[in-house]
Amino acid sequence: MDIPEYLPDIILTAVMVVSTLVLILRFWQDIIIAVAAALMALSLGGLFLSLEIKVRNLEKNVITRERMLRTNLEEISGNMTEKYDKTTAKLEDLVTELSKRAYK
């Protein structure tokens with residue numbers, strides 16, 4: 001995991017936890033509720049981070065598969081062109097042979 005890529009999300013998660021703590025402590029002044037709310041905010045931030053990591057991995061997989069498909073399509077295209085050229089050459093040979101026989 002590249003920390004610099006996820007640094008903004010980590011900072012936003014920390015801000016969310018701290019703001020939740022301040023908000024809960026200000027309203028109810030109960031440490032148990034504040035800790036529970038902080039853990040809930042922290043888990044929500046963790047879920048967002050986890051979701052972002054999964055989406056980035058999916059993007060990388062899609063890019064890799066796209067490259068593989070492009071490579072395979074180029075290879076198939078090359079093979080088809082080669083077969084087309086061979087078939088065309090055979091047909092030209094047959095036509096010239098038949099035209100020679102017809103003129104004899």
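As the structure is a computational prediction, the values presented were derived from the model and not from experiment.

A. Fine view of the overall build of the protein. A tally of helices and strands in the protein yields two helices and zero strands. In summary, the protein has a C-alpha radius of gyration of 33 Å against a globular reference of 13 Å for 104 residues, an excess of more than 25%. Dimensions along the principal axes, computed over C-alpha positions, put the protein at roughly 110 × 20 × 15 Å. Counting every position in the protein, which comprises 104 residues, the buried fraction comes to 11%. For the protein, the exposed area adds up to about 9100 Å²; of that, 67% sits on carbon and sulfur atoms. Distance between charge centroids for the protein: 7 Å, based on 13 positive and 14 negative side chains.

B. Helix α1 (residues 3-27), seen in detail. With 25 residues, α1 extends 35 Å from end C-alpha to end C-alpha; this agrees with the ideal 36 Å at 1.5 Å per step. Maximal helix bending in α1 amounts to about 30°, located at Asp9. Among all positions in α1, only Tyr6, Thr13, Val17, Thr20 and Ile24 are buried. Gln29 sits one or two positions beyond α1 and adopts a positive phi of about 55°.

C. Expanded view of the packing of α1 against helix α2 (residues 31-103). For the pair α1 and α2, interaxial distance at closest approach is 8 Å and the crossing angle is 160°. Considering their axes alone, α1 and α2 lie roughly antiparallel with respect to each other. Where α1 crosses over α2, the two elements pack in a sense that is right-handed.

D. Region of the structure containing the pattern of salt bridges. As enumerated under the stated definition, the model contains three salt bridges in all. One salt bridge in this structure joins Arg70 and Glu66, with 2.9 Å as the shortest N-O distance. Residue Arg70 and its partner Glu66 are both found in helix α2; the two are separated by four residues, about one turn of the helix. Arg70 gets classed as partly exposed once you look at its relative accessible area, which sits at 44%. Exposure remark for Glu66: the relative accessible area of 41% places this residue in the partly exposed category. With its nearest N and O atoms 3.5 Å apart, the salt bridge here joins Lys86 to Glu82. In this pair, Lys86 and Glu82 both sit in helix α2, four residues apart, roughly one turn of the helix.

Calculation rules
- Residues numbered from 1 in each chain as written.
- Predicted model: local features only at pLDDT ≥ 70, side-chain atom pairs only at ≥ 80, totals over all residues.
- Heavy atoms only, no water.
- Helix = DSSP H or I, 4+ residues; strand = E, 2+ residues; numbered from the N terminus.
- Rg over C-alpha atoms; globule rule 2.2 N^0.38 Å.
- Buried < 20%, exposed > 50% of the residue type's maximum accessible area, 1.4 Å probe, protein only.
- Areas by Shrake-Rupley, 256 points an atom, 1.4 Å probe, with all protein chains shown as cover.
- Lys, Arg positive; Asp, Glu negative; His and termini not counted.
- Charge placed at Lys NZ, Arg CZ, Asp CG, Glu CD.
- Expected span 1.5 Å × (residues − 1).
- Bend = angle between axes of the 7 residues up to and from the residue.
- Axes fitted to C-alpha atoms, helices over the stretch in contact; angles between N-to-C directions.
- Parallel < 35°, antiparallel > 145°, perpendicular 65-115°, else oblique.
- Left-handed = near helix turned anticlockwise from the far one by under 90°.
- Salt bridge = Lys/Arg side-chain N within 4 Å of Asp/Glu carboxyl O.

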